[in-house]
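# Architecture at a glance
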Amino acid sequence: MATERNAPGTRKLLSDAVSYVSLTALSLLVLFPIWLTIVRAVSPPFEYIEAGQPFLPVNADLGVFGDAWREGGLGRAMLVTVAIAVVITVAQLATSIAAAYAFAFLRFPFQRLLFGVVLATMLLPIEVTLVANVRTIREFHWLDSVQGLTAPFLASAFGIFLLRQSFRGLPPELRDAATLDGLGHFAFVRRVVVPLNRPAIGSLALITLLSAWNNYLWLQAITIKPEWSTLQLVLRRVTIQQPDRINVGVAAAIISALPVLALLIVFQKQIIRGLTAGAVKG
Amino acid sequence: MEHAAEGLPTEHRSRARPRSELSVRAREALLAYALLLPSLVIFAVFAYYPLAQLVRYGLYRPSRFGNGEVCGGPANFTKVLGGEEFRSALWITVKYILYTVPPGLVLGIALALAANRKLRGIKVFQTIFSSTIASSAAVSAVVFFSLVNPKVGRFGDVSWLSLSKGSSALFGVSLSSTWQNLGLTFVIVLAALQSVPDEVLEAARLDGFGPMRRVFRVILPLISPALLFLVVVLMVGAFQTFAQIELLTSGGPAASTETLVFKIFQRRSPGRISEGAVMSLGLFGLTFVVTMLQIGILNRRVHYGD
């Protein structure tokens, strides 16, 4: 690779060395909070403060992760979080694929108007509609329920927009060819559209999963019973209620971030593609 | 059952004889509406109906005796939007944007410029720089709780980020947002940098542009659409911040970290919903301006067709 080409020899070596030094320095900056969090988690709080809060663990004790799991009820919270994230992701994929197919492949009256109606919901994020939606959920008696926790997120303008853009990349002749082959709309979607748009659909699935996993405001507003707390809500309880045992709080935070970290490492390319959609591609 | 038995021959007949143009188009439209229905129902119930309700709640407020509602009228709007609470929330929200967006952008660009090299092991650094994507708002808030909480934080006694003083608390909170957004900022800037053609940089080099001039005169202007997009995303994220505030300061001390969304959240109960609704419409106005900017950018970059 580039490093192997040794035409201007030492100059290249020097500039590479400068690069590595600056990259390492920046890495330390990014990782510093994470490192201190790990140190915090494994050091018993009293002894850590006694030792003057060093940058290295004091009397490291990995048992804290078990304590956090039990005291925070993280098993139950993880179950609720996974259930909600899966419901939202599956539903949003289904509604987005259906709507994007209509906008990309079908012709119908008020098409542009309806597309505008979809896009305009970007102006109405949950932060804006919160107080009214909380009231609706209360009237539906959906507080502390899967329906209540997921309902506003079962469809999204972003998902419809992203998939419509991707679907329109397919040559229009494909649809005609499918019709000649006697393929109905449903079979066309299942056998042609979905397989050919797997990258966009995969990115949307991952982005939706991430944002459902990380959701906070809405869940905080409509959960009352602690058994409906997701991981994010449990973190607040564990941390705020007993600041003296901050090691348990940060251990819970580490545990709750691990599944997302695993997802990020395995699907790095797809997640980044989803996050950068709209920013770079034009 | 009978219909199913009948259905088969009809299908055959209609396929053999070309259907009239009108019926094909009507069927296509019907299918389209059926496919759109689930999304439109969700949007109607959880986006458009609430918007109408916000206006209604804003106009009416519960009567003093708890029976029925009293019409406060448009005066309710001017009272809340011109009031001290809303104005201070707006100012705190703007400060939060200033604390998080420019530093986050500069750091993200620095990380991306450093990592946009062909070096052995560069993937490791790229993974590290994007790693904060795995951190939710709540996780980053807990991480910074252990750093800046006045009682137990490692840096809880550092005065310029102390959460126990009204003058510095918001800045202390903002650090957790800035850190959490680094990963996202980094991947977006890096993707933009990678789309800059090598020939352009080579040409600039041959023209005698040094590294600094290449960055400021060539690279940054070329990726400015992505940077503009990022500014909008970060701004929207900043004025929607909630988890960090609730976890780190609960709005305190002395309401110095009560952003607009935080105040709205506090006013979701039936007794305070009128004020909360007007504030929500204020937030809608903000979202409107910023999102229009975003759609304008997307419009220029993405072809809608027809």
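None of these values were measured; they are calculated from a predicted model. (Residues numbered from 1 in each chain as written. Chains lettered and ligands numbered in written order. Predicted model: local features only at pLDDT ≥ 70, side-chain atom pairs only at ≥ 80, totals over all residues. Heavy atoms only, no water.)

## Looking at the packing of helix H9 (residues 211-222) of chain B against helix H10 (residues 224-239) of chain B
Closest axis-to-axis distance for the H9(B)/H10(B) pair is 5 Å, and the angle between their directions is 65°. Each of B:Leu220, B:Pro221 and B:Leu222 in H9(B) lies in contact with H10(B), whose residues at this interface are B:Ser224, B:Pro225 and B:Leu227. (Axes fitted to C-alpha atoms, helices over the stretch in contact; angles between N-to-C directions. Helix = DSSP H or I, 4+ residues; strand = E, 2+ residues; numbered from the N terminus. Contact = heavy atoms within 4.5 Å.)

## What about the packing of aromatic side chains?
Taken as a whole and assessed by the stated rule, the structure comprises 21 aromatic pairs over all chains. Look at A:Phe140 and A:Trp142: their rings are 5.0 Å apart centre to centre, the planes differ by 70°, and that puts the pair in the edge-to-face class. Ring plane angle 50° and centroid distance 5.9 Å describe the contact between A:Tyr216 and B:Phe242, whose orientation is recorded as tilted. One end of the pair, A:Tyr216, is in the loop between helix H11 (198-214) and helix H12 (217-222); the other, B:Phe242, is in the loop between H10 and helix H11 (243-248), on a second chain. Given a relative accessible area of 3%, B:Phe242 falls into the buried group. Three or more aromatic residues joined by ring pairs form one cluster here, namely A:Phe103, A:Phe108, A:Phe115, A:Phe161 and B:Tyr33. Above the ring of B:Phe265, the side-chain terminus of B:Arg268 is found at 4.0 Å from the ring centroid. (Phe/Tyr/Trp six-rings, centres within 6.5 Å; stacked < 30°, edge-to-face > 60°. Buried < 20%, exposed > 50% of the residue type's maximum accessible area, 1.4 Å probe, protein only. Lys NZ or Arg CZ within 6 Å of the ring centre and 35° of its normal.)

## Quick word on H10(B)
In this model, H10(B) (16 residues) spans 23 Å end to end at C-alpha, consistent with the 22 Å of a helix rising 1.5 Å per residue. Three or more residues of H10(B) are buried, namely B:Ala226, B:Leu227, B:Phe229, B:Leu230, B:Val232, B:Leu234, B:Val236, B:Ala238 and B:Phe239. (Expected span 1.5 Å × (residues − 1).)

## Overview of the pattern of salt bridges
Taken as a whole, this structure holds eleven salt bridges over all chains when the rule is applied. Its salt-bridge partner being A:Asp16, residue A:Lys12 comes within 2.9 Å of it at the nearest N-O pair. Of this pair, A:Lys12 and A:Asp16 both sit in helix H1 (residues 9-42), separated by four residues, roughly a single helical turn. The exposure class assigned to A:Lys12 is partly exposed, which follows from its relative accessible area of 23%. Across the salt bridge formed by B:Glu85 and B:Lys263, the nearest N and O atoms sit 3.1 Å from each other. Taken together, the positions of B:Glu85 in helix H4 (residues 84-115) and B:Lys263 in helix H12 (residues 260-266) put the pair 178 residues apart, joining distant regions of the chain. (Salt bridge = Lys/Arg side-chain N within 4 Å of Asp/Glu carboxyl O.)

## Looking at the environment of A:Thr208
Residue and element names in this part refer to chain A. The topology assignment puts Thr-208 in helix H11. For the pair Thr-208 and Met-122, spaced 86 residues apart in the sequence, the C-alpha separation amounts to 15 Å. With residues up to four places along the chain from it excluded, the contact list for Thr-208 reads Ile-88, Thr-89 and Gln-92.

## Section: the nonpolar core
With 184 residues, the main nonpolar core has A:Phe108, A:Trp218 and B:Phe129 as its most contacted residues. The element that contributes the greatest number of residues to this core is helix H4 (residues 74-105) of chain A, accounting for 15 residues. (Core = buried A, V, L, I, M, F, W, Y, C linked by side-chain atoms within 4.5 Å.)

## Some details on the confidence of the model for chain B
All names here are of chain B. With 86% of its residues at a pLDDT of 70 or more, chain B shows a mean pLDDT of 86. Per-element mean pLDDT across chain B ranges from 44 in helix H1 (residues 2-16) up to 96 in H12. Note on residues 1-16: pLDDT under 50 across the span, and one contact to partners over four residues away in sequence or across chains. Every residue in residues 302-306 scores below 50 in pLDDT, and together they form twelve contacts with partners more than four places removed in sequence or on other chains. Scoring of the predicted complex yields 0.88 for pTM and 0.90 for ipTM. (pLDDT = per-residue confidence, 0-100.)

## Section: the side chain of A:Thr37
With respect to the helices, strands and loops of the structure, A:Thr37 is situated in helix H1. With a relative accessible area of 4%, A:Thr37 lands in the buried category. Reaching out from A:Thr37, the side chain makes a polar contact with the backbone oxygen of A:Pro33 at a distance of 2.6 Å. Excluding residues that lie within four positions of it along the chain, A:Thr37 makes contacts with A:Val250, A:Ile254, B:Val143 and B:Ser146. (Polar contact = N/O pair within 3.5 Å; in protein donor to acceptor, adjacent residues only side chain to side chain.)

## Here's the deal with unusual backbone geometry
Each neighbour pair has its own omega, and for B:Gly252 with B:Pro253 the value is -10°, a cis peptide bond. With respect to the helices and strands, the residue B:Pro253 is situated in the loop between H11 and H12. At A:Asp144, a residue that is not glycine, the phi angle is positive and equals roughly 55°. For A:Asp144, the location among the structural elements is in the loop between helix H6 (126-139) and helix H7 (146-150). A relative accessible area of 11% places A:Asp144 in the buried class. One non-glycine residue with positive phi stands out, namely B:Ala254, at about 50°. On the secondary structure map, B:Ala254 appears in the loop between H11 and H12. According to the relative accessible area criterion, B:Ala254 is exposed, its value standing at 81%.

## Concerning helix H10 (residues 185-196) of chain A
Taken together, the buried positions of H10(A) are A:Ala187, A:Phe188, A:Val189, A:Val192 and A:Val193. Against the buried residues of H10(A) lie H4, helix H8 (157-167) and helix H9 (173-180) of chain A.

## Description of the interface of chain A and chain B
Between chain A and chain B, the contact holds 103 residues from the first and 94 residues from the second. If you sort the residues of chain A by the area they bury against chain B, A:Leu123, A:Val131 and A:Arg135 come out on top, with a joint share of 8%. Linking chain A with chain B are one salt bridge, by the criterion used here. Among the ionic pairs, B:Glu246 bridges to A:Arg236, the shortest N-O distance being 3.3 Å. Here chain A and chain B share 16 residue pairs in polar contact (both at pLDDT 80 or more) between them. If one sorts the elements of the side of chain A that touches chain B by residue count, H1(A) sits on top with 16 residues. (Buried area = accessible area lost by both parts, 1.4 Å probe.)

## A few points about the domain arrangement of chain B
Residue and element names in this part refer to chain B. When cut into domains, chain B gives domain 1 (2-72) and domain 2 (82-301). Contact with domain 1, which involves eight residues of that partner, is made by nine residues of domain 2. For the pair domain 1 and domain 2, the summed buried surface comes to about 610 Å²; carbon and sulfur atoms form 82% of the total. Applying the counting rule to domain 1 against domain 2 returns zero salt bridges. On inspection of domain 1 and its partner domain 2, the count reaches one residue pair in polar contact (both at pLDDT 80 or more). Secondary structure elements with two or more residues in the side of domain 1 that touches domain 2: helix H2 (21-59) and strand E1 (60-62). The leading source of residues in the side of domain 1 that touches domain 2 is H2, at five residues. Looking at side-chain class alone, the side of domain 1 that touches domain 2 contains six nonpolar, one polar and one charged residues. (Domains from an automatic or database assignment. Nonpolar A, V, L, I, M, F, W, Y, C, P; charged D, E, K, R; others polar.)

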